[in-house]
Amino acid sequence: MQGLRRPRYNDQRLYDEVVLAKTLNNKAKLREARETVRIGCDRYKRKAPDFLSLRQVELSDEEKAALRHAFDVATRPMAELRGFLLSGSLQQCPFCGLTGASSLDHYLPKDAYPEYSIFSKNLVPACPDCNNLKRDIVRNDKGARAFLHPYFDLVPTVAFLTLAVRLRARAIELRFSVVQEDGIDAEAFGRIESHFKILDLADRYRVKALLELRGIKGALRDHHREGGAEKVSAELLRVGRSWEESFGVNYWRGLLYRTLAAQADFCDRGFDVVVR
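These figures come from a predicted structure and were not determined experimentally. (Residues numbered from 1 in each chain as written. Predicted model: local features only at pLDDT ≥ 70, side-chain atom pairs only at ≥ 80, totals over all residues. Heavy atoms only, no water.)

Colleague: Please clarify how the overall build of the protein should be interpreted in this entry.
Modeller: Across its full length, the protein carries 11 helices and 4 strands. Projecting the C-alpha coordinates of the protein onto the three principal axes gives extents of approximately 70 × 40 × 30 Å. Of all 276 residues assigned to the protein, the portion counted as buried reaches 48%. For the protein, long-range pairs separated by at least 24 residues make up 70% of all intrachain contacts whose partners lie at least 6 apart in sequence. Accessible surface computed for the protein: about 14000 Å², of which carbon and sulfur atoms make up 48%. Separation between the mean location of the 46 positive side-chain charges and that of the 38 negative ones in the protein comes to 2 Å. (Helix = DSSP H or I, 4+ residues; strand = E, 2+ residues; numbered from the N terminus. Buried < 20%, exposed > 50% of the residue type's maximum accessible area, 1.4 Å probe, protein only. Contact = heavy atoms within 4.5 Å. Areas by Shrake-Rupley, 256 points an atom, 1.4 Å probe, with all protein chains shown as cover. Lys, Arg positive; Asp, Glu negative; His and termini not counted. Charge placed at Lys NZ, Arg CZ, Asp CG, Glu CD.)

Shown next as structure tokens:
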């Protein structure tokens, strides 16, 4: 869960270029909807991040279909927008922080909100897993907004992501969860909680963390040979702090290293259960 810099893109110019790239009926319908869509996009920016109070604009079914078509069917203007939003080979998915962002998610789904189908502030770089899991969900089970908006929501800087570790004879158990801490109000935490649950982050973090530990098996053994459990702990803490300096205290990888650094049994060859 990370914030992203809000895109600075000329959405009106994009809209006009998409219109020119279309033919016949879609071109006509997009032209008819232009002013209505502009008003809706201005309203989106003014209301953000209170998106649930947005009043949907009046569009005909044909105009709605043309707007969805504008996103779904490739044109040069949309290819340029995609390239702009997805630029940066190291950009991670802001919804999960697990993998690269290779697709664009409609924060407000285009089926329900076609007026924002090609609006840059509604298009968020995302990994395919988050894009699929998020689907057309807007509200959580309490009727509030279900997800953080990477462009408009401020991600709390206090720690809300936690990790419990349990060593067994032949395995290590990792359990990620979110907890409400001082400094996070109930509404914000409810959004964090539903974001975490719907995107299945507890299990996705667990699987990724186990792969991470298998990947550093040689380094852990080397550190133990050089300086025992103290050396292992110090190196885990160093790496964890480095990740947290770059991505914050709620980044799963930084939390993994920092938590394991405090586990004496893990550092004293307990890591063997995950590195065989």
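Colleague: What is the right way to read helix α2 (residues 24–47) from this model?
Modeller: An α-helix turns once per 3.6 residues; consequently, residues spaced three or four apart project the same way. Between its terminal C-alpha atoms α2 stretches 34 Å, which fits the 34 Å expected from 24 residues at 1.5 Å a residue. Its maximal kink placed at Arg 34, α2 deviates by approximately 50 degrees. Of the residues making up α2, those classed as buried are Lys 27, Lys 29, Leu 30, Ala 33, Val 37, Gly 40, Cys 41, Arg 43 and Tyr 44. Along its buried surface, α2 packs onto α1 (11–21) and α3 (61–72). (Expected span 1.5 Å × (residues − 1). Bend = angle between axes of the 7 residues up to and from the residue.)

Colleague: Sorry if this is basic, but what is going on with the packing of aromatic side chains here?
Modeller: How two aromatic rings sit relative to each other is set out by the distance from centre to centre and by the angle between their planes. A full pass over the atoms with the stated rule returns 17 aromatic pairs. Centroid distance Tyr 116 to Phe 119: 6.2 Å. Interplanar angle 45 degrees. Geometry classified as tilted. The buried category is assigned to Tyr 116, whose relative accessible area is 0%. In this structure an aromatic cluster arises from ring pairing among Tyr 44, Phe 51, Tyr 107, Tyr 113, Tyr 116, Phe 119 and Phe 152. Over the ring of Phe 71 we find Arg 82, and its NZ or CZ is 4.5 Å from the ring centre. Above the plane of the ring of Trp 243 lies Arg 253, whose end atom (NZ or CZ) is 4.8 Å from the centre. (Phe/Tyr/Trp six-rings, centres within 6.5 Å; stacked < 30°, edge-to-face > 60°. Lys NZ or Arg CZ within 6 Å of the ring centre and 35° of its normal.)

Colleague: Can you help me understand unusual backbone geometry in this one?
Modeller: Residues apart from glycine generally show negative phi values, whereas peptide bonds are mostly found in trans. For the peptide bond that leads from Ala 48 to Pro 49, omega is 0 degrees, which places it in the cis range. Considering the arrangement of structural elements, one finds Pro 49 in the loop between α2 and α3. Despite not being glycine, Asp 200 has its phi angle at roughly 55 degrees, a positive value. At Arg 269, a position not held by glycine, the phi torsion is positive, near 70 degrees. Position of Arg 269 relative to the elements: it lies in helix α10 (residues 264–270).

Colleague: How should the pattern of salt bridges be read in this particular structure?
Modeller: Two side chains bearing opposite charge may form a pair once their charged atoms approach each other closely. All told, the structure shown has 21 salt bridges when counted by the stated rule. Close ionic contact of Arg 221 with Asp 272 constitutes a salt bridge, the shortest N to O distance being 4.0 Å. With Arg 221 in helix α8 (residues 217–247) and Asp 272 in helix α11 (residues 272–275), this residue pair connects regions lying 51 residues apart in the sequence. Residue classification places Arg 221 among the partly exposed residues on the basis of a relative accessible area of 29%. The residue Asp 222 makes a salt bridge to Arg 225 at a minimum N-O spacing of 2.2 Å. Here the residue Asp 222 and the residue Arg 225 both occupy positions in helix α8, the gap between them amounting to 3 residues, near one helical turn. According to the relative accessible area criterion, Asp 222 is partly exposed, its value standing at 33%. (Salt bridge = Lys/Arg side-chain N within 4 Å of Asp/Glu carboxyl O.)

Colleague: What am I meant to see in the nonpolar core here?
Modeller: Nonpolar side chains tend toward joint burial in soluble globular proteins. Ranked by internal contacts, the top residues of the largest apolar core, which has 79 residues, are Tyr 44, Leu 108, Leu 161, Phe 176, Leu 236, Trp 252 and Phe 266. Beyond its immediate chain neighbours, meaning those up to four positions away, Phe 266 contacts Leu 167, Ile 172, Leu 213, Leu 220, Leu 236, Leu 260, Phe 271 and Val 274. (Core = buried A, V, L, I, M, F, W, Y, C linked by side-chain atoms within 4.5 Å.)

Colleague: Explanation requested: α8 in the structure shown.
Modeller: Given a rise of 1.5 Å per residue, 31 residues ought to cover 45 Å, yet the end C-alpha atoms of α8 are separated by just 24 Å, more than 12% below that figure. The largest bend along α8 reaches roughly 130 degrees and is located at Gly 227. Those residues of α8 that sit buried are Leu 220, His 223, His 224, Gly 228, Val 232, Glu 235, Leu 236, Gly 240 and Glu 244. Buried positions along α8 lie against α9 (252–261) and α10.

Colleague: Quick question: what am I supposed to make of the pairing of strand β4 (residues 172–178) here?
Modeller: Here β4 lies mainly inside the structure; 5 of its 7 residues are buried. In textbook terms, the turn of a hairpin is the stretch between consecutive antiparallel strands, and for strand β3 (residues 161–167) and β4 this stretch comprises 4 residues. (Pairing = 2+ DSSP bridges.)

Colleague: How should the pairing of strand β2 (residues 123–126) be read in this particular structure?
Modeller: Here is the key point about a regular strand: its side chains alternate between the two faces of the sheet. Burial along β2 is two-sided: the residues Leu 123 and Pro 125 and Val 124 and Ala 126 are all buried. In terms of strand pairing, strand β1 (residues 103–106) meets β2 through 4 bridges, oriented antiparallel. Paired with His 106 across the bridge in β2 is Leu 123.

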